[in-house]
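The residues making up each chain are set out below.
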Amino acid sequence: MNSAADIWPSVITLLEKELTPTAVSTWFYDAEAVELLEDRLVLCVPSDFKKNIILSRYLPQLKKVLYDLFAAEMDVVIFTKEEAERYQARGTRNENVLIGNEEFTFEHFIVGSSNQFAYNAALNVADNPGRSYNPLFIYGESGLGKTHLLYAIYHTIRRNHPDYNIIFIKGDEFTNELQEAIRLKTTDAFRQKYRDKDLLLVDDIQFIAGKESTQEEFFNTFNNLYESGHQIVLTSDRPPSDMARLENRLRTRFEWGLLADIQPPDYETRCAIIKNKAILLGLELPNDVLEYIAQNITANVRQLEGTIKRLLAYRDLMGQKVNDENASRAIQALIRARDEYIPSPEVIVEETAKYYARDPKEVLGSSRMKEVVLARQVSIYLIRSITNLSLPEIGKVFGQHHTTVMHSLDKVEKMMRDDRHLAEIVRDIKSNINSRGY
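Residues numbered from 1 in each chain as written. Predicted model: local features only at pLDDT ≥ 70, side-chain atom pairs only at ≥ 80, totals over all residues. Heavy atoms only, no water.

**Student:** Quick one: what's the story with the overall build of the protein chain, residue by residue and with numbers?
**Tutor:** Within the protein chain one finds 20 helices and eight strands. For the protein chain, the proportion of its 438 residues judged to be buried stands at 47%. Pairs at least 24 residues apart make up 73% of the contacts formed inside the protein chain by residues separated by at least 6 positions. The averaged location of the 64 negative side-chain charges in the protein chain is 4 Å from the averaged location of its 54 positive side-chain charges. (Helix = DSSP H or I, 4+ residues; strand = E, 2+ residues; numbered from the N terminus. Buried < 20%, exposed > 50% of the residue type's maximum accessible area, 1.4 Å probe, protein only. Contact = heavy atoms within 4.5 Å. Lys, Arg positive; Asp, Glu negative; His and termini not counted. Charge placed at Lys NZ, Arg CZ, Asp CG, Glu CD.)

Right under this line is the structure:
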């Protein structure tokens, strides 16, 4: 792709065919094209007045000539010189450009009664970051669209405010980065990374609950951003009030702004989601097939999308028709795969080790460190709960006698009865393990 400066004369030439010579010379001749990206052109003009005139009067014509040049829809961002300097200094410093999630926009989000409140709240925040609902806390079960809304906020704000420093991270990644910073003695750099941001998006914030150092660090990060008027958006599988291991001071702050829940989609919304996904994938879906899928998958948007993709694979890879029979096969295969998912001991150990910030090799080894022993015992408990392995088979995984395995099981069960926080930890780890089956 040519540079912005290279294409700008061509843009001017095309604008002269759309507008009067006076309009072009008055409003565009002293504009400077400073950056050309795949989805937008960034311009710099001498004053706010010119910026506002172009945006209010000539934006449709400008987008039209860009479409004529590139055969694709292009956004236009216009800065004054001061804004352009700030953009050039900061605009390329976003640590995460979320490549591969461009389809998760507000335009592609299907709105129904089950998610309209969360959608409207997210849209409001995207249009008015830091000025409406702060923080915005979106919660609901897995597979209902929380992460989609988080991406949509990201893409909208990135488009409208290209100079913003944005960070998008998962709750467990925040914990892992902090632990690594403590180990390497780089906590100052860690704090600077998260507190020097215009927008903080955290997916699955529930994973910081129960982790003392992580909660302390996130509390300070939250306060810093909030007091600076910078937007914070969080998602979780449950509301703050249901996070037993979340510190009260964090729970209070999460509830300062707006809580928005997402429920499973109703029948009409499911039909719209299926139709939209089929169109995006280039699949022509008969109405009877669409209705069949909507009637048989009721609780999870991700499963709806999985069914459409499987039907597409039947058509493209096996030359089969898109009909009720194959829709039934796709649904049954999806549900069976989900229901029959039994994680390996390695996966269970890996997820447990990740939660306790240990190396899986430590958990499988013979270390007697308190945290490692607990992670090992929880791993044993989860393997026994989730898999079909016998006590001697579990013992082989850890190099232990089956009586030792039995002791670990008894101990974890007793601790869970006496300590609701540990029971919550086990539930969280189990949820992480099961999510790998989607």
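Next comes the rest of the write-up.
**Student:** Could you give me a rundown of the sheet that holds strand S6 (residues 199-203), with the residues and numbers involved?
**Tutor:** What holds strands together in a sheet is hydrogen bonding between their backbones, with the strands either parallel or antiparallel. The parallel open sheet is built from five strands, whose spatial order is S5-S6-S7-S4-S8. The strands lining the two open edges of the sheet, one partner per strand, are strand S5 (166-170) and strand S8 (258-261). Pairs of neighbouring strands in the sheet enclose a mean axial angle of 15°, with direction left out of account. Pairing geometry for strand S4 (residues 136-139) and strand S7 (residues 231-236), over four bridges, is parallel. (Pairing = 2+ DSSP bridges. Axes fitted to C-alpha atoms, helices over the stretch in contact; angles between N-to-C directions.)

**Student:** I'd like a description of the sheet that holds strand S3 (residues 75-80), backed by residues and values.
**Tutor:** With mixed pairing, three strands are arranged side by side in an open sheet as S1-S2-S3. Two strands bound the open sheet, and with one partner strand each, they are strand S1 (32-36) and S3. Strand-to-strand twist across the sheet, computed as the mean angle between neighbouring axes with direction ignored, equals 25°. Relative to S3, strand S2 (residues 40-45) runs parallel, the two being bridged by six bridges. Paired with Arg 40 across the two strands is Asp 75, which belongs to S3. Contacts between helix H1 (residues 4-18) and the sheet are confined to S1 and S2, with S1 contributing the most and set at about 125° to the helix.

**Student:** Which residues make up the side chain of Thr 387, and what values do they have?
**Tutor:** By the element assignment, Thr 387 lies in the loop between helix H17 (370-386) and helix H18 (391-398). Here the side chain of Thr 387 touches Ile 383 through a polar contact of 2.6 Å, landing on its backbone oxygen. Within the local environment of Thr 387, its side chain forms a polar contact with the backbone nitrogen of Leu 389, the two atoms lying 3.3 Å apart. Excluding residues within four positions of it along the chain, Thr 387 makes contact with Ile 342, Pro 343, Ile 348 and Leu 382. (Polar contact = N/O pair within 3.5 Å; in protein donor to acceptor, adjacent residues only side chain to side chain.)

**Student:** Tell me about the pairing of S4, residues and numbers included.
**Tutor:** Here S4 shows a buried face lined by Leu 136 and Ile 138 and a second buried face lined by Phe 137 and Tyr 139. As paired strands, S4 and S8 are joined by four bridges and run parallel to one another. Counted as the bridge partner of Leu 136 is Leu 258 from S8.

**Student:** So what about the environment of His 401? Which residues, and what values?
**Tutor:** Position of His 401 among the secondary structure elements: in the loop between H18 and helix H19 (402-418). By relative accessible area, which is 47% here, His 401 ends up partly exposed. A polar atom in the side chain of His 401 sits 2.9 Å from the side chain of Thr 403.

**Student:** So what's going on with the packing of aromatic side chains? Residues and values would help.
**Tutor:** For the structure shown, the criterion picks out 17 aromatic pairs. In this structure an aromatic cluster arises from ring pairing among Phe 137, Phe 174, Phe 190, Tyr 194, Phe 218, Phe 222, Tyr 226, Phe 254 and Trp 256. The ring of Tyr 355 has Lys 211 lying over it, and the distance from NZ or CZ to the ring centre is 3.4 Å. (Phe/Tyr/Trp six-rings, centres within 6.5 Å; stacked < 30°, edge-to-face > 60°. Lys NZ or Arg CZ within 6 Å of the ring centre and 35° of its normal.)

**Student:** Just give me the short version of H17, but keep the residues and values in it.
**Tutor:** Under the 1.5 Å per step criterion, the end-to-end length of H17 is 24 Å for 17 residues, consistent within 8% with the ideal 24 Å. Counting buried positions along H17 yields 12 of 17 residues, so the element is predominantly enclosed. Those residues of H17 that sit buried are Val 372, Val 373, Ala 375, Arg 376, Gln 377, Val 378, Ser 379, Ile 380, Tyr 381, Leu 382, Ile 383 and Ile 386. (Expected span 1.5 Å × (residues − 1).)

**Student:** So what's going on with the side chain of Arg 253? Which residues, and what values?
**Tutor:** Within the secondary structure, Arg 253 is located in helix H10 (residues 248-254). One buried charged residue, Arg 253, remains without a salt bridge, the closest side chain of opposite sign being Glu 227 at 6.6 Å. Only 2.8 Å separates the side chain of Arg 253 from the side chain of Asn 223, close enough to count as a polar contact. Beyond its immediate sequence surroundings of up to four residues, Arg 253 is in contact with Pro 135, Phe 219, Phe 222 and Asn 223. (Salt bridge = Lys/Arg side-chain N within 4 Å of Asp/Glu carboxyl O.)

**Student:** Residue-level account of the pattern of salt bridges, with values.
**Tutor:** Two side chains carrying opposite charge are able to pair once their charged atoms lie near each other. For the coordinates displayed, the defined rule picks out 18 salt bridges. Lys 170 is the salt-bridge partner of Asp 203, the closest N and O atoms lying 3.0 Å from each other. Taken as a pair, Asp 203 in strand S6 and Lys 170 in strand S5 lie far apart in primary sequence, 33 residues in all. The exposure class assigned to Asp 203 is buried, which follows from its relative accessible area of 1%.

**Student:** Talk me through unusual backbone geometry; I want residue IDs and the actual numbers.
**Tutor:** Put simply, Asn 134 and Pro 135 share a cis peptide bond, and its omega is 0°. Note that Pro 135 resides in the loop between helix H5 (116-127) and S4. With a phi angle near 60°, Asp 204 is a residue other than glycine that sits in the positive phi range. With respect to the helices and strands, the residue Asp 204 is situated in the loop between S6 and helix H9 (212-227).

**Student:** Tell me about helix H6 (residues 146-160), residues and numbers included.
**Tutor:** Its 15 residues give H6 an end-to-end C-alpha distance of 21 Å, which sits within 8% of 21 Å, the value for a rise of 1.5 Å per residue. Here H6 lies mainly inside the structure; 12 of its 15 residues are buried. Listing the buried residues of H6 in full gives Lys 146, His 148, Leu 149, Leu 150, Tyr 151, Ala 152, Ile 153, Tyr 154, His 155, Thr 156, Ile 157 and Arg 158. Buried residues along H6 sit against S2, H5, S4, S5, S6 and S7.

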